[in-house]
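# Chain and residue survey
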Amino acid sequence: MSHVEAGSEAHKDLFCRQFVATHQVFDPETLPWPDLTDEELARLRTIPFWQEVYHTERRAGAIVDAFTPQIDDPVVREAVALQGLEEARHAALIRTMIDRYGIDATEQPIETFPADLETAFIDFGFGECLDAFLGFGAFKNARQSQFLPEKLFEIFDVLMFEETRHIVFFINYMAWRERRRGLGPVRRALKSTRFYGRALGRLLAMVRRGQQPNDGRDFAVTQANVFVDDFSFRQFVEDCYRENARRMKEFDPDLMQPRLLPAMADLALRGMRLWDRRRPHLRTSAR
């Protein structure tokens, strides 16, 4: 942030006001859903994670709604309540798509939340940051490969924009919350790293389950190769990094933005580039 001090009243008013002001009004059922050809329909149905996405969005709305009444500050409570509405609408959007196109996805029960709803909300927020960062790359891959009709991507882009808003709001909420509790930058960074580690642990657990059906509690785009034949991990990381930067430019520069995941991606890309430059030398030395 350049002009607003994290944790201040001005900071709180800014990130809450921006969030409320950028809310969009729409009904998922009346969006311009396109008619699909048999080939496009088959391709849509081959995407393996719709049930997980649907469950994750329903669970997100339930967590946010449950936590909202515990927020003391009325300005923050209003903004978080709006996020809960948007999360529930995301679930309705996915359900509308599932029903319209006959996708095989059943509604899974939502587990009972722990008594510490604030920690559950924070866990959810960091998980959403990780999922969205990966989702940016997968979304770009799918769109560039024209895996589905552009009119569908235009609908999904509405959801992606709202997910980006949620991330920016959450990062600023956490900075405001932790600063009010007296945590400095180092302790805040360590806490973020710990929660990202928990989110990554859930992601890796899902990866280990592989193609087996799961309960849908942990969604992340780990199957980006569904959308492209010549999948490249390095290109995927670059797409995540660049798409994150592009989408974040839409927000007020005085708002805080996620830094850890972009920094890790940048470090990984630098390492891969360095390795690529060294490989010819290593091959020559081995002769």
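Since this is a predicted model, take the numbers as computed values, not measurements.

Let us now look at the overall build of the protein chain. For the protein chain, the helix and strand inventory stands at nine helices and zero strands. Seen in sequence order, the protein chain has helices and strands lined up from the N terminus as α-α-α-α-α-α-α-α-α. The buried share of the protein chain, reckoned over its 287 residues, is 49%. When contacts within the protein chain are restricted to residue pairs at least 6 apart in sequence, those whose partners lie at least 24 apart make up 84%. Element-wise, carbon and sulfur atoms account for 53% of the exposed surface of the protein chain, whose accessible area totals about 14800 Å².

Looking now at the nonpolar core. Counting 78 residues, the largest nonpolar core has Leu44, Trp50, Tyr101 and Phe121 as its most contacted members. Here the element with the most residues in this core is helix α6 (residues 150–180); it accounts for 15 residues. Among residues more than four places away in sequence, those in contact with Trp50 are Leu44, Ile94, Met97, Ile103 and Phe156.

The subject of this paragraph is the side chain of Asp239. Residue placement: Asp239 occurs in helix α8 (residues 233–248). Take Asp239: its relative accessible area is 1%, and that puts it in the buried class. Not counting chain neighbours up to four residues away, the residues in contact with Asp239 comprise Gly137, Lys140 and Asn141.

Evaluated as defined, the whole model comprises two cavities of 30 Å³ or more. Of the voids in this model, the largest cavity is the one considered here, and its volume is about 80 Å³. Along its surface, the largest cavity is lined by Phe15, Gln18, Phe19, Thr22, Arg165, Val168, Phe169, Phe251 and Leu255. Within the residue set of the lining of the largest cavity, elements represented by two or more residues are α1 (9–21) and α6. For the lining of the largest cavity, the class distribution of residues is six nonpolar, two polar and one charged. Size it by volume and the second largest cavity reaches roughly 30 Å³. Together, Cys129, Phe133, Ile167, Tyr196, Asn244, Pro258, Leu261 and Pro262 line the second largest cavity. Listing elements by their share of the lining of the second largest cavity, those giving two or more residues are α5 (117–144) and α9 (260–286).

What follows concerns the confidence of the model for the protein chain. Counting all residues, the mean pLDDT for the protein chain is 83, and 82% of those residues have values of 70 or more. Element-level mean pLDDT values for the protein chain span from 65 in α9 up to 97 in helix α4 (residues 74–101). Overall, residues 213–225 carries pLDDT values under 50, and its contacts beyond four positions in sequence, including any with other chains, amount to 42 contacts.

The next subject is the side chain of Glu243. With respect to the helices and strands, Glu243 occurs in helix α8. The residues touching Glu243, leaving out its near neighbours within four places in the chain, are Phe136 and Lys140.

A few words on unusual backbone geometry. With phi around 55°, Gln146 is a residue other than glycine that occupies positive phi space. Positionally, Gln146 belongs in the loop between α5 and α6.

Another aspect to go through is the packing of aromatic side chains. Within this structure, the stated rule accounts for 15 aromatic pairs. Seen from their ring centres, Phe67 and Phe121 are 4.7 Å apart, and the 25° between their planes marks the pair as stacked. Of the two residues, Phe67 sits in helix α3 (residues 50–67) while Phe121 sits in helix α5, which places them 54 residues apart along the sequence. Judged by relative accessible area, which is 3%, Phe67 ranks as buried. Note on Phe121 and Tyr173: the rings are 5.7 Å apart at their centroids and 90° apart in plane angle, and the pair reads as edge-to-face. Of this pair, Phe121 sits in helix α5 while Tyr173 sits in helix α6, placing them 52 residues apart in sequence. We classify Tyr173 as buried; its relative accessible area is 3%. Grouping aromatic residues by their ring pairs yields a cluster made of Phe15, Phe19, Phe67, Phe121, Phe124, Phe126, Phe169, Phe170, Tyr173 and Trp176. Of note, Arg43 hangs over the ring of Phe147, and the distance from its end group to the ring centre comes to 5.8 Å.

Reading the values: rules and limits
- Every residue gets a number counted from 1 within its own chain, in the order that chain's sequence is written.
- With the structure being a predicted model, the display of local features is reserved for residues of pLDDT at least 70 and the display and counting of side-chain atom pairs for 80 or more, all residues being used for whole-chain, interface and lining totals.
- Neither water nor hydrogens contribute to the side-chain values; these are computed over all heavy atoms in the structure.
- Numbering of helices and strands starts at the N terminus; helices are DSSP runs of H or I of at least 4 residues and strands are runs of E of at least 2.
- Remark: exposure states derive from per-residue accessible area (1.4 Å probe, protein chains only) relative to the maximum for the residue type, with buried under 20%, exposed over 50%, and partly exposed in between.
- Any pair of residues with heavy atoms lying within 4.5 Å of one another is described as a contacting pair.
- Only the protein chains shown count as cover for residues, with accessible areas throughout obtained via the Shrake-Rupley method and a probe of 1.4 Å.
- We call a set of buried residues a nonpolar core when its members are Ala, Val, Leu, Ile, Met, Phe, Trp, Tyr or Cys and they connect through side-chain atoms within 4.5 Å of each other.
- Here a cavity means grid points, on a 1 Å grid over the protein atoms only, where a 1.4 Å probe fits yet cannot get out; a pocket means an open set of points with protein on both sides within 12 Å along at least five of seven lines; lining residues are those with an atom within 4 Å of a point.
- Grid points are joined across faces, edges and corners, and a volume is the space filled by probe spheres set on the points.
- Polar here means any residue other than Ala, Val, Leu, Ile, Met, Phe, Trp, Tyr, Cys and Pro, which are nonpolar, and Asp, Glu, Lys and Arg, which are charged; Gly is therefore polar.
- pLDDT measures the predictor's confidence residue by residue and takes values from 0 up to 100.
- Centres within 6.5 Å are what make two rings of Phe, Tyr or Trp a pair, Trp counting through its six-membered ring; a difference in plane orientation under 30 degrees is then read as stacked, over 60 as edge-to-face, and the rest as tilted.
- The rule for a charge over a ring is simple: NZ of Lys or CZ of Arg within 6 Å of the ring centre, and within 35 degrees of the ring normal.

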